[in-house]
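Residues per chain are reported as follows:
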Amino acid sequence: MSIFKSICTITFTIFTLLITTNITTSAETTSTIDINEYTQAMQPGWNLGNTYDAVGTDETAWGNPFVTKKLIDTIASEGFNSIRIPITFDQRMSDAPDYTIDEEFLSRVEQTINWSLDAGMHVMINVHHDSWIWLESGMVNDHDATVARYEAIWTQLSQRFKDYPVELMFESINEPRFSTPSDEESQQFINELNDIFYDVVRQSGGKNDIRPLVLPTHHTASDQGKLDALATYIEQLHDPNIIATVHYYGFWPFSVNIAGHTRFDQATKDEIHQVFDRVHDTFTKNGIPVVIGEFGLLGFDRHTGVIQQGEKLKFFEHMIHYAQQKELVHMLWDNGQHLNRTTHEWQDEELFSMMQTSWSTRSAHVHDNFIYLKQNNEIGAHAIPIMLNGTTFDKMVMNDTELTEGVDYTFADSTVTFSASFLSTLMNDNDIGIIETVTLHFSDGFTWDIDIISYTTPLLQDTTGTTKEFLIPTAFNGDQLATMEAYYADGTNAGPQNWTGFKEFDYTFSPNYENGTIRIQENFFKETEDEEIVLTFHFWSGEQITYYIEKSGDQVIGRATDQPIETPTKPSTPSEPSANDDNSVDKTPEDTNNNDSNPLANTVTDDTPLNNEENGSTLPNTATSMFAYILIGLLVISIGFITMFIAKKRKISLE
């Protein structure tokens, strides 16, 4: 009996040890994270922008449809391994003292988080536009209430998601900024909010003690002072599960197309290197992982055509490559301008193809993704330099047929040269625009399309308008607009951002190729004087067209020649005609040319004769009166006949 008891005791002890060991091992597994492996598993990422962060009644307030599981599954299937879900709480929570977040709204957010986790993605949520809606001024002007509201948000979020897997991470605040006179004071507010965020999350139980937390720099900017301030703060936490975040929208002049930076030039490339080097050396090199929480081009906020297609592709290829080289996770900012959230198709398939390719390999850069051939001009050979980026040139294809090297083109010294004979065979006097597309293939990476374009010099016409609505009728003739310069007659820069003569694309001017117009935006006229302005439009073919405008109050007239501008005579108040005023015509240019459907219709200006007096073909007044009386008589007779006919028909019908 004692032997049996001893055996039982030993067995129970061993069983207990095994269970204890297993529990300890399991606990250790769930209580530690390799934060660098964690962040690299997030690569690449995507933003669900302008949805739960939209300021309005619901997630559709800024034009996007309701989020669906299919949308989230599409993002995951396209190769994105993480999703950032920006959230604005401002109008979706009660007043003090509870600051309760709307349950219906929070349930929608939670549903999207669940879909994202189920799709295998890491998920990041944050406090988004609240940063400028109430935190920016509130921290200065209503400090205690602002802090209490911010704390209430993270208290509720921490409790709700504390048992969620660690693949869900929290970002304290988006692009923090404050109404303070110095960066130092702003950084103090950021540190205070991050203290609240950190303490609330870490003390809320569940998996929140190890959940990765994402902390931003001031403005999520990347100048060295702001990077150092965040690095110092993170170091004093002594917490291995912290991720730093910055945003990146490129070299600003290129990013919005201003100051003549229409190309992905060396300055744009250097800025990528300098920023990512600073971020890497401050954080990643020292064991603190970094997520570029948003990236793109600022011009995309207006539309994706602000940057020329080939230059845009080169920027994304190089930026993604260098971010990955520096071990920085990149998350594409998409507010609906990239993935169509209804059709689930990419608005720009070529751009997405370049991004997707860049996640795993490098691609060559062609200097131009176009060749402009001017009609009626002699056609010569055309050379396009190529930066191979470690690839080798393979072949050239047009209409599924491989072109012949040495006949159609040559390749030497990293330059492809199209032969004059090949280009000549493509030209047709009746064709304007893209006449063929040739595809360049390389040993790896992206295949580049080169559009061969037939064009003639663009033509701009005289017109009139207002500062709110000024459209220049334009025959683009196959060409496309690159940029615009604006100067006063004395040579000084005109318009907004007058440190440069080259104006910001779309903000100050915008081409419409379908309607055949160039709009000069109201933004431009708000910052111009009432005097003559000389505009120079630069086209991608190399053509430059000069155009002249003059603003007088809210009225604007424009002309395509350098002849002096005459201010239009305003219609006078109707009065008794004088003895010498029998042939006067009281009509404004707008009255004579109201042809919205054809912007290239002739525009009548003040020096355009409204009749043919100068040619001696105007009818005398007596003849004009006689014809008028005859026409009236014929009209009366016609009405009589019609009346009789109707009456007779009615009589027959009644019988």
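Look up: the structure comes first, before these words.
What you are looking at is a predicted structure, and each value in this text was computed from that prediction instead of being measured. (Residues numbered from 1 in each chain as written. Predicted model: local features only at pLDDT ≥ 70, side-chain atom pairs only at ≥ 80, totals over all residues. Heavy atoms only, no water.)

1. A few points about the packing of helix H10 (residues 266-282) against helix H11 (residues 309-325)
Right, so step 1: Close contact between H10 and H11 brings their axes to 10 Å; oriented N to C, the two are set at 20°. With respect to their mutual orientation, H10 and H11 come out roughly parallel. Here the hand of the crossing between H10 and H11 comes out right-handed. Where H10 abuts H11, its residues Thr268, Lys269, Ile272, His273, Phe276 and Asp277 lie against Phe315, His318, Met319, Tyr322 and Ala323.
Right, so step 2: Residue classes in the contact of H10 with H11 are distributed as six nonpolar, three polar and two charged. (Axes fitted to C-alpha atoms, helices over the stretch in contact; angles between N-to-C directions. Helix = DSSP H or I, 4+ residues; strand = E, 2+ residues; numbered from the N terminus. Parallel < 35°, antiparallel > 145°, perpendicular 65-115°, else oblique. Left-handed = near helix turned anticlockwise from the far one by under 90°. Contact = heavy atoms within 4.5 Å. Nonpolar A, V, L, I, M, F, W, Y, C, P; charged D, E, K, R; others polar.)

2. Focus on the pattern of salt bridges
Right, so step 1: A full pass over the atoms with the stated rule returns 23 salt bridges.
Right, so step 2: A salt bridge links arginine 149 to aspartate 90, with the nearest nitrogen and oxygen atoms 3.1 Å apart. Note that arginine 149 is positioned in helix H6 (residues 143-161) and aspartate 90 in the loop between strand S2 (82-87) and helix H4 (103-118), a separation of 59 residues in sequence.
Right, so step 3: Taking relative accessible area as the criterion, arginine 149 reaches 15% and is therefore assigned buried.
Right, so step 4: Close ionic contact of lysine 312 with aspartate 348 constitutes a salt bridge, the shortest N to O distance being 3.6 Å. Separated by 36 residues along the polypeptide, lysine 312 in helix H11 and aspartate 348 in the loop between strand S8 (328-332) and helix H12 (349-358) bring together distant segments of the chain. In terms of burial, lysine 312 and aspartate 348 fall into one category: buried.
Right, so step 5: The network of salt bridges with common partners includes Arg263, Glu311, Lys314 and Asp368. (Salt bridge = Lys/Arg side-chain N within 4 Å of Asp/Glu carboxyl O. Buried < 20%, exposed > 50% of the residue type's maximum accessible area, 1.4 Å probe, protein only.)

3. Details of the side chain of aspartate 368
Right, so step 1: Along the chain, aspartate 368 falls in the loop between strand S9 (365-366) and strand S10 (370-374).
Right, so step 2: Residue class for aspartate 368 comes out buried when judged on its relative accessible area of 10%.
Right, so step 3: At a separation of 2.8 Å, a polar atom in the side chain of aspartate 368 contacts the side chain of arginine 263. (Polar contact = N/O pair within 3.5 Å; in protein donor to acceptor, adjacent residues only side chain to side chain.)

4. Overview of the environment of histidine 122
Right, so step 1: When you line up the elements, histidine 122 lands in strand S3 (residues 122-127).
Right, so step 2: The spacing of histidine 122 and asparagine 81 is 41 residues in sequence and 6.4 Å in space, taken between C-alpha atoms.
Right, so step 3: Each residue touching histidine 122, except ones within four places of it in the same chain, is listed here: Tyr38, Ala41, Met42, Asn81, Ser82, Ile83, Glu167 and Met169.

5. A look at the environment of histidine 273
Right, so step 1: Position of histidine 273 among the secondary structure elements: in helix H10.
Right, so step 2: As for histidine 273 and tyrosine 322, which are separated by 49 residues in sequence, their C-alpha atoms are 7.3 Å apart.
Right, so step 3: When residues no more than four places from it in sequence are discounted, the contact partners of histidine 273 are His318 and Tyr322.

6. A look at helix H3 (residues 69-77)
Right, so step 1: When we look at burial in H3, the residues that qualify are Leu71, Ile72, Thr74 and Ile75. Down the axis of H3, the sector holding all buried residues measures 155°, keeping them to one side. Away from the buried face of H3 by more than 90 degrees, exposed residues Lys70 and Ser77 are located.
Right, so step 2: Residues of H3 that are buried make contact with strand S1 (45-47), S2 and H4. (Arc of directions from axis to C-beta.)

7. Remarks on the packing of helix H8 (residues 224-237) against H10
Right, so step 1: The interhelical angle for the contact between H8 and H10, taken along N-to-C directions, is 20°, at an axis separation of 10 Å. On the basis of the axis angle, H8 is roughly parallel to H10. Seen along the crossing, H8 lies across H10 with a hand that is right-handed. On H10, the residues touching Gln224, Leu227, Asp228 and Ala231 of H8 are Arg278, Val279 and Thr282.
Right, so step 2: Considering only residue class, the contact of H8 with H10 consists of three nonpolar, two polar and two charged.

8. Some words on the environment of isoleucine 87
Right, so step 1: Looking at the element boundaries, isoleucine 87 is found in strand S2.
Right, so step 2: Between the C-alpha atoms of isoleucine 87 and valine 109, which are 22 residues apart in sequence, the distance is 8.3 Å.
Right, so step 3: When residues no more than four places from it in sequence are discounted, the contact partners of isoleucine 87 are Tyr52, Asp53, Phe105, Val109, Ile125, Asn126, Val127, His128, His129 and Asp130.

9. Topic: unusual backbone geometry
Right, so step 1: A cis amide bond links glutamine 43 to the next residue, proline 44, at an omega of -5°.
Right, so step 2: Relative to the helices and strands, proline 44 is located in the loop between helix H2 (35-40) and S1.
Right, so step 3: Here alanine 96 and proline 97 are connected by a cis peptide whose omega angle stands at 5°.
Right, so step 4: Here proline 97 shows up in the loop between S2 and H4.
Right, so step 5: Positive phi values are uncommon outside glycine, yet aspartate 413 reaches one of about 55°.
Right, so step 6: Despite not being glycine, asparagine 477 has its phi angle at roughly 55°, a positive value.

10. Section: the sheet that holds strand S15 (residues 415-418)
Right, so step 1: Strand order in the open sheet made by the four strands is S9-S11-S15-S14, with antiparallel pairing throughout. The open sheet has two free edges, formed respectively by S9 and strand S14 (409-412), since each of these has just one partner strand.
Right, so step 2: As paired strands, S9 and strand S11 (residues 382-387) are joined by two bridges and run antiparallel to one another. Across the sheet, the residue bridging to valine 366 is isoleucine 386, located in S11. (Pairing = 2+ DSSP bridges.)

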